[in-house]
Amino acid sequence: TLCDTAVAKGVFGTKMRSVIKLANKEGIKQIVEQQFSYGQQIMKKGLIPILEPEIDIKSPEKAEAEAMLHAELVESLKMLRKDQKLMFKLTLPNQDNLYED
């Protein structure tokens, strides 16, 4: 698999990117679930997943989508074991310190 090839070449991790256009709660939940599912597969190979649920900076519902994404990410992080590591690459939020926690 590609992950096996990456491990053999000493790669650190790999990213998974999804684009969020609107503040659709169910759609954002599905994106986060998909990102974390791929993340789990990547972790099983010993790589660090870089999850990138990107919100379109031109979205007319950007702030609302960010709040929904934040809530879903917080819930999904609760399912990780303490030894599981991942990274996020997120769109700069409208609200200062939104992802501070």
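Just so we're clear, the structure is a prediction, and the values are computed from it rather than from any experiment.

Draft legend 1. Highlighting the pattern of salt bridges. Per the stated rule, a full pass over the model turns up 10 salt bridges. The salt bridge partner of K21 is D56, with a shortest N-O separation of 3.0 Å. One end of the pair, K21, is in the loop between β1 (13–20) and α2 (25–44); the other, D56, is in the loop between β2 (48–55) and α3 (62–77), with 35 residues separating them in the sequence. For E52, the salt bridge identified is with K89, shortest N-O distance 3.7 Å. Placement of E52 in strand β2 and of K89 in the segment after β3 (87–88) is noted, with a sequence separation of 37 residues between them. Assessed through its relative accessible area of 43%, K89 is described here as partly exposed.

What counts and how
Residues numbered from 1 in each chain as written. Predicted model: local features only at pLDDT ≥ 70, side-chain atom pairs only at ≥ 80, totals over all residues. Heavy atoms only, no water. Salt bridge = Lys/Arg side-chain N within 4 Å of Asp/Glu carboxyl O. Helix = DSSP H or I, 4+ residues; strand = E, 2+ residues; numbered from the N terminus. Buried < 20%, exposed > 50% of the residue type's maximum accessible area, 1.4 Å probe, protein only.

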